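Coordinate inspection notes
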Amino acid sequence: MTKFHQAALLALLAAASPSTYCHGFSASNQRRPKKDFAAQIVEEVIVKSVAPKSKNKQQQRRSNPNQRQNSISQRDPIISLNMNLDYLAKSGQRDAAIRAEEMLQRIEALHDDGYYEKSPDVCSYNSVINAYAHGKVSGASGHAHRLMKRMEEKGIEANSITWNTLLRCLLKEVKESRDKKVSEEKVEDAESIIANMEDLGFANTISYNTVISILSKSKLPDSAERSEVWLNQMIDQFAKTGNENIQPDTTSFNAVIHAYANTNRFSAGAPQRAKMAERVVKRMEKSFKSGENDQVKPDVVSYTAVINAYAKAAEFDEECATKAMDILNRMVKMYEGGDKDVKPNKRTYTSVINAFARTGKAEAADNLLTQMKELYALGDTSLKPDTVCYSSVIDGYAKVGGEEAGFRAEELLHEMENLYNQGDSDVKPNTRTYRSAITALGKSRQPRAAEKAEQILEEMEYMGSLGAHDLAPNTICYNAVIDAYARGRTMEKAYRAELLLEKMLEESAKGNTLIRPDTITFNSVINAAARSFGDSIVRREAYLIGLGAFKKIHEYEHCKPSSITYVLFLNVLKNLVEEGDARDNMAERTYQLSVSFGLANGKVREQVRKTCSPLVAERILSSNK
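Criteria and cut-off values
- Residues numbered from 1 in each chain as written.
- Predicted model: local features only at pLDDT ≥ 70, side-chain atom pairs only at ≥ 80, totals over all residues.
- Heavy atoms only, no water.
- Helix = DSSP H or I, 4+ residues; strand = E, 2+ residues; numbered from the N terminus.
- Buried < 20%, exposed > 50% of the residue type's maximum accessible area, 1.4 Å probe, protein only.
- Salt bridge = Lys/Arg side-chain N within 4 Å of Asp/Glu carboxyl O.
- Patch = residues over 30% accessible without salt bridge, like charges linked within 9 Å, V, L, I, M, F, W, Y side chains within 5 Å.
- Areas by Shrake-Rupley, 256 points an atom, 1.4 Å probe, with all protein chains shown as cover.
- Lys, Arg positive; Asp, Glu negative; His and termini not counted.
- Charge placed at Lys NZ, Arg CZ, Asp CG, Glu CD.
- Expected span 1.5 Å × (residues − 1).
- Contact = heavy atoms within 4.5 Å.
- Polar contact = N/O pair within 3.5 Å; in protein donor to acceptor, adjacent residues only side chain to side chain.
- Axes fitted to C-alpha atoms, helices over the stretch in contact; angles between N-to-C directions.
- Parallel < 35°, antiparallel > 145°, perpendicular 65-115°, else oblique.
- Nonpolar A, V, L, I, M, F, W, Y, C, P; charged D, E, K, R; others polar.
- Phe/Tyr/Trp six-rings, centres within 6.5 Å; stacked < 30°, edge-to-face > 60°.
- Lys NZ or Arg CZ within 6 Å of the ring centre and 35° of its normal.
- pLDDT = per-residue confidence, 0-100.

With that out of the way, let us pick up the overall build of the protein chain. On a plain count of helices and strands, the protein chain comes out with 30 helices and 0 strands. Going through the 625 residues of the protein chain one by one, you find that 49% of them count as buried.

Now the structure itself:
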């Protein structure tokens, strides 16, 4: 805060005074963790099959070509190598790729020394690249490019499997990336590779599907459109050539649908992209039913992805929730008609529940949860409701507000806790569950709702203290309880809100940054003060609490005031300070402070008019135009 801001704030306070790639690979530079028993045996088998028992026998093999030839004819070490490399690639061990490449290098070295006539082949290299594609080593595509260059230097020709495995490395990296620039680079690399594969005649359905998936997972603004371009290219080439190796299948279409469905749910374009996703499914239906392509039958993944797209778009268009429900009903009808491939699963139902919850149609979401529970009770274990299902319904009630919504949210939370205590770990409440229940109670305005919300907060703190760190409350949970007090009917709301703020400040100063206050925290305390009622003593205390929170947010280093901060404090003045020169003077200073921070927007000016006398408000606002 600048000296000017400090001076302005001090003036106001005085007036208000109450009296965060591996580069070149080098096996020798890598620290390797202890091998598990199976992996140790694998490597020992390879080493024993190539390591000579004595120096004399080495010399005998080199001096007697016929004997050496007979030894080679009895066994092929490359087959053994490839089998064990494949094992390592699929083992899922953290250092599997490094160990696989070490093994490859050792066999190549023994071949160069004359122990074997055969050297590692394309299958050997494919297995090592596959280990990088499935492993946990960073820079997988870089390692794949490096290995393919080494293949070229050794005269080993890459095949379609090599190229497809390289694409899988890129897909892995795009899935893990949170950097838009990195995703763009990987997508460009993938599109360059598939174009090269087309020229070489290596591109097949797997190649195209992987590129489409890379685009889908990249979440770039135009990823869906670009993925559909590649799909159309597959369709055109298949139609012209009839080559089954590039025949689009259900996976091809599903990847494009996912690209449209992966739109950020806060994007205003989500409803249109959901319609595009549904259009792709209709293309599948038409192509399959006409006999044009019998490999593109829509399945549960296809329809669920479209439902998910509509669920994300529901916040912008309530009709999207209805669309999602219509598709679910259609899936149920097709399944009952004998199409087992479209049986709705838990994800399908959860997506529709989310759609209703986001539009505030909590009862519709609750009805679907009840339907899932009934189907589960009848023996459909695939539809057993879990934490996500329950939490989404509770979140829906939190959005609706009202006394009944608060009661039902609390009831569902207790149902989850009881089921979990009985051993059902699938419905363990999480932070989101508790936060939504607290919010629902805060908006319910039922008697003692805020106290109930704080009791839930204390339960979370207790469970966190026992080691359940995933249930420890965070800033959002505290903010929800403070907001519950602000909305509640208790006369001591400002005092209770202040206590929570002081606790957050104290604990965060000790190192618990999980509950560090933010702008919403301070605003909620000021709002609790502004909404206070009672006798003059209660109102005076509330005023001082509001003033104190207003002062602290300007001094606190971890957050800054917002325009809402000034609106709320002006409301404190309007509701708790008598009309007159003192209130007008404080309101003017508050407004000038908002101007100095560049936060004097229309809402602030409107609140000035509500707080000050008309003439003073006009003078204040006209002087700062």
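With that settled, consider unusual backbone geometry. Look at Lys-219: it is not a glycine, yet its phi comes out positive at around 55 degrees. Note that Lys-219 resides in the loop between α11 (205–218) and α12 (223–241). We note that Arg-448 has phi near 60 degrees; this positive angle belongs to a residue other than glycine. Its location among the elements puts Arg-448 in the loop between α21 (431–444) and α22 (449–465). Exposure remark for Arg-448: the relative accessible area of 57% places this residue in the exposed category.

Where side chains of opposite charge bring their charged atoms close, a pairing between them can arise. Within the structure shown, the criterion is met by 36 salt bridges. Across the pair Arg-273 and Glu-225 runs a salt bridge whose closest N-O atoms are separated by 3.3 Å. Pair noted here: Arg-273 is in helix α14 (residues 270–289) and Glu-225 is in helix α12, with a separation of 48 residues, a long-range link. Judged by relative accessible area, which is 36%, Glu-225 ranks as partly exposed. One salt bridge in this structure joins Glu-461 and Lys-503, with 2.8 Å as the shortest N-O distance. Here Glu-461 is found in helix α22, whereas its partner Lys-503 is found in helix α24 (residues 493–509), with 42 residues between them in sequence. Residues participating in the shared-partner salt-bridge network are Glu-101, Glu-108, Arg-146 and Arg-150.

Below, the discussion takes up a positive patch on the surface. A surface patch of positive charge is lined by Arg-168, Lys-175, Arg-178, Lys-217, Lys-219 and Arg-347. Look at Lys-175 and you get partly exposed, because its relative accessible area is 48%.

Turning our attention to helix α16 (residues 319–336). Taking 1.5 Å as the rise per residue, α16 with 18 residues should run 26 Å; its terminal C-alpha atoms sit 26 Å apart, in good agreement. As for α16, its buried residues are in contact with α14, α15 (300–313), α17 (346–358) and α18 (362–377). Just past α16, the residue Gly-338 takes up positive phi, approximately 115 degrees.

A rise of 1.5 Å per residue sets the reference length of α15, with its 14 residues, at 20 Å; its end C-alpha atoms lie 20 Å apart and thus fit the reference within 8%. Here α15 lies mainly inside the structure; 13 of its 14 residues are buried. In this structure Asp-299 caps α15, since a side-chain oxygen of it lies 3.1 Å from the backbone nitrogen of Val-301.

Between helix α13 (residues 250–261) and α14, whose axes approach to 8 Å, the crossing angle comes to 170 degrees. The angle between α13 and α14 places the two elements in the roughly antiparallel class. Across the interface between the two elements, Thr-250, Phe-253, Asn-254, Val-256, Ile-257, Ala-259 and Tyr-260 of α13 pack against Arg-273, Met-276, Ala-277, Arg-279, Val-280, Val-281, Arg-283 and Met-284 of α14. Partitioned by chemical class, the residues of the contact of α13 with α14 number 10 nonpolar, 2 polar and 3 charged.

Taken as a whole and judged by the stated rule, the model has 4 aromatic pairs. When the ring of Phe-550 is compared with that of Tyr-566, the centres are 5.7 Å apart and the planes differ by 85 degrees; the resulting orientation is edge-to-face. Placement of the pair is Phe-550 in helix α26 (residues 536–555) and Tyr-566 in helix α27 (residues 563–576), with a sequence separation of 16 residues. Across the pair, Tyr-566 and Phe-550 agree in class, each one buried. Three or more aromatic residues joined by ring pairs form one cluster here, namely Phe-550, Tyr-566 and Phe-569. Here the basic side chain of Lys-343 rests over the ring of Tyr-335, its NZ or CZ set 6.0 Å away from the ring centre. Directly above the aromatic system of Tyr-376 lies the positively charged group of Lys-384, at a separation of 6.0 Å from the ring centroid.

Here we take up the side chain of Lys-172. The residue Lys-172 is located in helix α9 (residues 160–176) in this model. Lys-172 sits in the buried class, given a relative accessible area of 9%. There is a polar contact of 3.4 Å between the side chain of Lys-172 and the backbone oxygen of Val-137.

Our focus in this paragraph is a negative patch on the surface. On the surface, a cluster of negative charge is contributed by Asp-179, Glu-184, Glu-185 and Glu-188. With respect to the secondary-structure elements, Glu-184 resides in helix α10 (residues 180–200).

You can see Asn-527 is positioned in helix α25 (residues 519–530). Those residues in contact with Asn-527 that sit more than four places away from it in its chain are Ala-486 and Leu-568.

Further remarks concern the confidence of the model for the protein chain. In the predicted model, the protein chain carries a mean pLDDT of 88, and 87% of its residues have values of at least 70. Overall, residues 18–55 carries pLDDT values under 50, and its contacts beyond four positions in sequence, including any with other chains, amount to 53 contacts. Across residues 68–74, confidence stays below pLDDT 50; counting only partners more than four residues off in sequence or on other chains, it has 7 contacts.

The packing of two helices is summarised by the inter-axis angle and the distance between the axes. Contact geometry of helix α5 (residues 77–91) with helix α7 (residues 122–134) gives a least axis separation of 8 Å together with a crossing angle of 10 degrees. The angle between α5 and α7 falls in the class roughly parallel. Where α5 approaches α7, its residues Ile-78, Leu-81, Asn-82, Leu-85, Asp-86 and Ala-89 are matched on the opposing element by Cys-123, Ser-124, Ser-127, Val-128, Asn-130, Ala-131 and His-134. Split into classes, the residues belonging to the contact of α5 with α7 amount to 7 nonpolar, 5 polar and 1 charged.

With that settled, consider the environment of Arg-487. Along the chain, Arg-487 falls in helix α23 (residues 475–487). A C-alpha to C-alpha distance of 8.2 Å links Arg-487 and Ala-450, two positions 37 residues apart in sequence. The contacts of Arg-487, once residues within four sequence positions are left out, are Gly-442, Lys-443, Arg-445, Lys-493 and Arg-531. In this structure the side chain of Arg-487 is engaged in a polar contact, spanning 2.7 Å, whose partner is the side chain of Asp-483.

Further remarks concern the environment of Tyr-397. You can see Tyr-397 is positioned in helix α19 (residues 387–400). Separated by 40 residues in sequence, Tyr-397 and Ala-357 have C-alpha atoms that sit 7.5 Å apart. Leave out the neighbours within four places in its chain, and Tyr-397 touches Ala-362, Glu-363, Asp-366, Ala-405, Arg-408, Ala-409, Leu-412 and Ala-440.

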